[in-house]
Amino acid sequence: MKRLATVAVVLLIAACEPTTLQDNTREIHKQERSDGVLPVASMDEALRTEGTIKAAIIARQCRGYLVRNGSDMGKLSREVGGTLNAAKLQKLGMTEAEMKGTYYQAGDYVLNFSGNSLTITASKPGTRGFTSEVFTLP
């Protein structure tokens, strides 16, 4: 019984950690991971993987848009180019909820068109989560 009480006290003390020590900065904006849960290389790989997967989904939706709208790259560029938001995602047949990942959200993605190339950037250059992928559209 004494051992159980000691364990309970230890758990209560651990649960009372001051909230001022919590870092609410989004993972993609942190320079490094400091909580020791995962090695930095693993976290960086997770960030890149999520950004790359979502970029591929966006590119697939852009291809579908072109099929539905007669391969008009100019129209696609005007309607969805730049930073993604709810209105642009709707034109691609998507929602902001579908773009909400563990590290990224819709507003973290920027679409740039040049000829038949689409460059999708996740996050901002210089941040830890920066990922940029180039896709060729039909």
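Residues numbered from 1 in each chain as written. Predicted model: local features only at pLDDT ≥ 70, side-chain atom pairs only at ≥ 80, totals over all residues. Heavy atoms only, no water.

Student: Help me understand unusual backbone geometry, please; the structure alone is not making it clear to me.
Tutor: If a residue is not glycine, its phi is most likely negative; likewise, a peptide bond is most likely trans. At serine 71, a residue that is not glycine, the phi angle is positive and equals roughly 55 degrees. Residue position: serine 71 is located in the loop between helix 2 (40-68) and helix 3 (73-80). (Helix = DSSP H or I, 4+ residues; strand = E, 2+ residues; numbered from the N terminus.)

Student: What am I meant to see in the pairing of strand 3 (residues 117-122) here?
Tutor: Consecutive side chains along a regular strand alternate between the two faces of the sheet. Alignment of strand 2 (residues 109-114) against strand 3, held across 6 bridges, turns out to be antiparallel. Across the sheet, asparagine 112 pairs through a bridge with threonine 119, a residue of strand 3. Linking strand 2 back to strand 3 in an antiparallel pair, the connection comprises 2 residues, with glycine 115 at a positive phi of about 60 degrees. Judged from the 6 bridges that link them, strand 3 and strand 4 (residues 131-136) form a sheet pairing that is antiparallel. Bridge pairing links threonine 121 to serine 132 in strand 4. (Pairing = 2+ DSSP bridges.)

Student: Please explain helix 3 as it appears in this structure.
Tutor: Counting along an α-helix, one turn takes 3.6 residues, and residues three or four places apart therefore face a common direction. Among all positions of helix 3, only Met73, Leu76 and Val80 are buried. Buried residues in helix 3, looked at end-on, bunch into an arc of 60 degrees, giving them a common side. The backbone nitrogen of glycine 74 has a side-chain oxygen 3.2 Å away, supplied by the residue at the start of helix 3, namely aspartate 72. After helix 3 finishes, the residue glycine 82 shows a positive phi value of roughly 95 degrees. (Buried < 20%, exposed > 50% of the residue type's maximum accessible area, 1.4 Å probe, protein only. Arc of directions from axis to C-beta. Polar contact = N/O pair within 3.5 Å; in protein donor to acceptor, adjacent residues only side chain to side chain.)

Student: Quick question: what am I supposed to make of the environment of arginine 78 here?
Tutor: As for its position among the elements, arginine 78 is in helix 3. Along the primary structure arginine 78 and phenylalanine 113 are separated by 35 residues, whereas in three dimensions their C-alpha atoms are 9.3 Å apart.

Student: I would appreciate a short explanation of the sheet that holds strand 2 in the present structure.
Tutor: Paired through backbone hydrogen bonds, the strands of a sheet run either parallel or antiparallel to each other. Spatially, 4 strands are ordered 1-2-3-4 in an open sheet, and the strand pairing comes out antiparallel. Looking at the sheet topology across the chains shown, the edges are occupied by strand 1 (82-83) and strand 4. With respect to the sheet, helix 3 is in contact with strand 1 and strand 2, its orientation differing from that of strand 2 by roughly 155 degrees. (Contact = heavy atoms within 4.5 Å. Axes fitted to C-alpha atoms, helices over the stretch in contact; angles between N-to-C directions.)

Student: Where do I start with the nonpolar core in this structure?
Tutor: Across soluble globular proteins, you tend to see nonpolar side chains buried next to one another. Judged by nonpolar contacts, the single largest core of 27 residues is most densely connected at Ile58, Leu76, Leu111 and Ile120. For this core, the secondary structure elements donating two or more residues are helix 2, helix 3, strand 2 and strand 3. (Core = buried A, V, L, I, M, F, W, Y, C linked by side-chain atoms within 4.5 Å.)

Student: Would you take a moment to explain the side chain of lysine 88 for this structure?
Tutor: In this fold, lysine 88 is placed in helix 4 (residues 86-91). Buried charge lysine 88 goes without a salt bridge, the closest partner of opposite sign being glutamate 79 at 11 Å. Engagement of the side chain of lysine 88 in a polar contact is seen with the backbone oxygen of threonine 83, the distance being 3.1 Å. Contact partners of lysine 88, with chain neighbours within four places excluded, come to Glu79, Val80, Gly81, Gly82 and Thr83. (Lys, Arg positive; Asp, Glu negative; His and termini not counted. Salt bridge = Lys/Arg side-chain N within 4 Å of Asp/Glu carboxyl O.)

Student: Before we go on, may I ask you to explain the packing of aromatic side chains in this structure?
Tutor: Scanning the model with the defined rule gives 1 aromatic pair in all. Relative to tyrosine 109, the ring of tyrosine 104 has its centre 5.7 Å away and its plane inclined at 50 degrees; by these criteria the two rings are tilted. Residue tyrosine 104 is classed as buried on the basis of its relative accessible area, which comes to 1%. Under the relative-accessibility criterion, tyrosine 109 is labelled buried at 0%. (Phe/Tyr/Trp six-rings, centres within 6.5 Å; stacked < 30°, edge-to-face > 60°.)

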